[in-house]
Amino acid sequence: MNFSGKPSEAQLAPFVGKDVLDIAQFSKEDLEVVMHLAAHYEEALTNKKRLYDMDGKIMASLFFEPSTRTRLSFEAAMQRLGGNVITVAEAAGAQSSSTAKGETLHDSIKVINDYVDVIVCRSPIKGARLEVANAADIPVINGGDGAGQHPTQALLDMYTIFKEKGSPDGLTVALIGDLKNGRTVHSLADALSLYDVKMIFASPEELTMPEEIITSLRGKNIEVEEVHDLDTACRRADVLYMTRIQRERFTDPAEYERVKDLFIMTGRHVRIFKPGAIVLHPLPRVNEIEVEVDAYPGAAYFRQAANGLPVRMALLAMITGNVK
Ligand code: CP
């Protein structure tokens, strides 16, 4: 990766005032401007430089579904940029906001829109990103909408691939686990399709990648192979992107129990990896990567989570027009 310095004003101008809802809105050039600015902020963080890019600005952090990394890295990003944060973090059945009184997401966003400069929102409902965007005049960022999209995760995943492997070009990337319900893999597949990659989709038969995503990838001349075992992916891939089985998306608990332990990466898998292969995971992990794999030098999932901070700093500053 060679993203030294800062993107130019001309490169940043198209992002000002924009929402971040779906990874498909990013061209390859757009994605690389985000990577470039993230590298700039990462350098500032490494050098312990105090930043004031978002001085006097407020971010609303609205999480209607559990989160550790997305919420806290966005909140840390805003504070590292000198800005402030207000938060609603609540799960169904444990609300403290007026959602508990029956207020719609639309009405909540319409009100919060007048309190802050940027909104980050996670909802359990696929497609809620559009309701949020329609209700707000200020820039909004989709922090994950049900089994739909998780665009900022895909951007930090791509940043990690650039850092760990130099470039996505020429790589075989295996997306593994719950490809039906995992929003991170839906977004990442789209981001990867901007590059010269081959994709392997490894999942239980019940949890395959949605057909419309596969059709869209093949329409872009991306080579896609579907397999139903972990070993094939481990032998062939340069990047192994593990995901957990998304228990919260299952309506039948017995079905979850049946599939939950089918794809577990262990030390035996590490021994059949291609040389230089890396392992990513959006986290949280449940049991799909055994702890013994953490000692493998290419186990990059905690480094990946750390990359969320500079990437989210870049997004906040870009879309609010506050890159200083
Ligand atoms: N990767 C991710 O979205 O993690 P959280 O659910 O903890 O935000």
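(A) Local environment of the site of the ligand. Around the ligand, the neighbouring residues are S67, T68, R69, T70, R122, H150, Q153, P282 and L283. In the model, an oxygen atom of the ligand is placed 2.9 Å from a nitrogen or oxygen of the H150 side chain. For the ligand, a nitrogen atom lies 3.0 Å from a polar atom in the side chain of Q153. For the ligand, whose free accessible area comes to 250 Å², the fraction covered by protein is 92%. Given that more than half its atoms are within 2 Å of the pocket grid, the ligand belongs to the largest pocket. A breakdown of the residues in the shell around the ligand according to their chemical character gives 2 nonpolar, 5 polar and 2 charged.

(B) Region of the structure containing the nonpolar core. Counting 66 residues, the largest nonpolar core has L175, F201 and L316 as the members making the most contacts within it. Among all residues touching L316, those that are not within four sequence positions of it are M54, M59, F74, A77, M78, L81, V118, V120 and I141. Within the second largest apolar cluster, 23 residues are counted, among which are L230, A237, L240 and M242.

(C) Inspection of the layout of surface pockets at higher detail. In this structure, the largest pocket spans a volume of roughly 490 Å³. As for the largest pocket, its lining consists of 25 residues, and the residues nearest its centre are R122, R244, E248, L283 and P284. For the lining of the largest pocket, the elements supplying multiple residues, two or more each, are α3 (69-80) and α7 (183-192). A breakdown of the residues in the lining of the largest pocket according to their chemical character gives 7 nonpolar, 10 polar and 8 charged. If you add up the space inside the second largest pocket, you get close to 260 Å³. Lining the second largest pocket are 14 residues, and of these Q149, H186, D190, E212 and I213 sit closest to its centre. Considered class by class, the residues forming the lining of the second largest pocket number 4 nonpolar, 4 polar and 6 charged.

(D) Representation of the side chain of T70. Position of T70 relative to the elements: it lies in helix α3. Note on T70: relative accessible area 4%, which makes it buried. Only 3.0 Å separates the side chain of T70 from the side chain of R122, close enough to count as a polar contact. Setting aside chain neighbours within four positions, we find T70 in contact with F63, R122, G143, H150, T152 and R312.

(E) Quick look at the sheet that holds strand β2 (residues 84-89). What the 4 strands build is an open sheet, ordered β2-β1-β3-β4; its pairing is parallel. In this open sheet, the two strands that pair with only one neighbour each are β2 and β4 (140-145). Going across the sheet, the axis of each strand differs from the next one's by a mean of 10°, ignoring polarity. Bridging between strand β1 (residues 58-63) and β2 involves 6 bridges; their strand directions are parallel. Directly across from F63, in β2, lies its bridge partner A89.

(F) Layout of the sheet that holds strand β8 (residues 239-242). Judged by pairing direction, the sheet is parallel, and its 5 strands sit side by side in the order β7-β6-β5-β8-β9 without closing on themselves. Either end of the sheet is taken by a strand with one partner, and the two such strands are β7 (223-227) and β9 (278-280). Taking the axes of each pair of neighbouring strands and ignoring which way they run, one obtains an average angle of 20° across the sheet. Of the pairings in the sheet, the one linking strand β5 (residues 172-176) to β8 comprises 4 bridges and is parallel in character. When the sheet's bridge partners are listed, L175 is paired in β8 with Y241.

(G) Region of the structure containing helix α5 (residues 128-135). Taken residue by residue, α5 has A128, R129, V132, A133 and A135 as its buried positions. Each buried residue of α5 sits inside an arc of 165° when the element is viewed along its axis, so together they form one side.

(H) Layout of the packing of aromatic side chains. Throughout the structure, instances matching the rule amount to 5 aromatic pairs. Taking 5.4 Å as the distance between ring centres and 70° as the angle between the ring planes, the aromatic pair formed by F3 and F162 counts as edge-to-face. Here F3 is found in the segment before α1 (9-12), whereas its partner F162 is found in helix α6 (residues 151-165), with 159 residues between them in sequence. For F3, a relative accessible area of 16% puts it in the buried group. Overall, F162 belongs to the buried group, its relative accessible area being 5%.

Parameters and conventions
- Residues numbered from 1 in each chain as written.
- Predicted model: local features only at pLDDT ≥ 70, side-chain atom pairs only at ≥ 80, totals over all residues.
- Heavy atoms only, no water.
- Near = heavy atom within 4 Å.
- Polar contact = N/O pair within 3.5 Å; in protein donor to acceptor, adjacent residues only side chain to side chain.
- Areas by Shrake-Rupley, 256 points an atom, 1.4 Å probe, with all protein chains shown as cover.
- 1 Å grid on protein atoms, 1.4 Å probe; cavity = no way out; pocket = protein on both sides within 12 Å on 5 of 7 lines; lining within 4 Å.
- Sits in = over half its atoms within 2 Å of the grid points.
- Nonpolar A, V, L, I, M, F, W, Y, C, P; charged D, E, K, R; others polar.
- Core = buried A, V, L, I, M, F, W, Y, C linked by side-chain atoms within 4.5 Å.
- Buried < 20%, exposed > 50% of the residue type's maximum accessible area, 1.4 Å probe, protein only.
- Contact = heavy atoms within 4.5 Å.
- Points joined across faces, edges and corners; volume = space filled by probe spheres on them.
- Helix = DSSP H or I, 4+ residues; strand = E, 2+ residues; numbered from the N terminus.
- Pairing = 2+ DSSP bridges.
- Axes fitted to C-alpha atoms, helices over the stretch in contact; angles between N-to-C directions.
- Arc of directions from axis to C-beta.
- Phe/Tyr/Trp six-rings, centres within 6.5 Å; stacked < 30°, edge-to-face > 60°.

Remember, this is a structural readout, not a statement about activity or role.
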